[in-house]
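These are the residues of each chain, in order.
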Amino acid sequence: MSTVTCPECEAEITLDAGTEAGEIIVCSDCGVDLEVTSLEPATVQLAPMEQEDWGE
């Protein structure tokens, strides 16, 4: 298992076994969505916000 630091609140997050690059995880401290960008070494970044299409 790897650990990463939340870029929002700097909390330590442990990645579960089987976590894949591109997966979205949630910081247990601040609740922000994070995208796993790499596993070797383990890194995360703020997940992109989904845009509403408002029926377009």
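The structure presented is a predicted model; accordingly, all values stated were derived computationally and were not measured.

A. Quick look at the environment of D33. Here D33 is to be found in strand β4 (residues 33-39). Judged by relative accessible area, which is 40%, D33 ranks as partly exposed. It is 8.8 Å that separates the C-alpha atoms of D33 and Q45, two residues lying 12 residues apart in sequence.

B. A look at the pairing of β4. Here 3 bridges tie strand β3 (residues 24-26) to β4, and the two strands are oriented antiparallel to one another. Counterpart to V26 in the pairing with β4 is D33. Turn length for the β3-β4 hairpin, with the two strands adjacent in sequence and antiparallel, is 6 residues, and the turn residue G31 shows positive phi of about 85 degrees. Relative to strand β5 (residues 42-46), β4 is paired through 5 bridges, and the arrangement is antiparallel. Looking at the pairing, S38 lines up with T43 of β5. Between β4 and the antiparallel strand that follows it, β5, lie 2 residues.

Criteria and thresholds
- Residues numbered from 1 in each chain as written.
- Predicted model: local features only at pLDDT ≥ 70, side-chain atom pairs only at ≥ 80, totals over all residues.
- Heavy atoms only, no water.
- Helix = DSSP H or I, 4+ residues; strand = E, 2+ residues; numbered from the N terminus.
- Buried < 20%, exposed > 50% of the residue type's maximum accessible area, 1.4 Å probe, protein only.
- Pairing = 2+ DSSP bridges.

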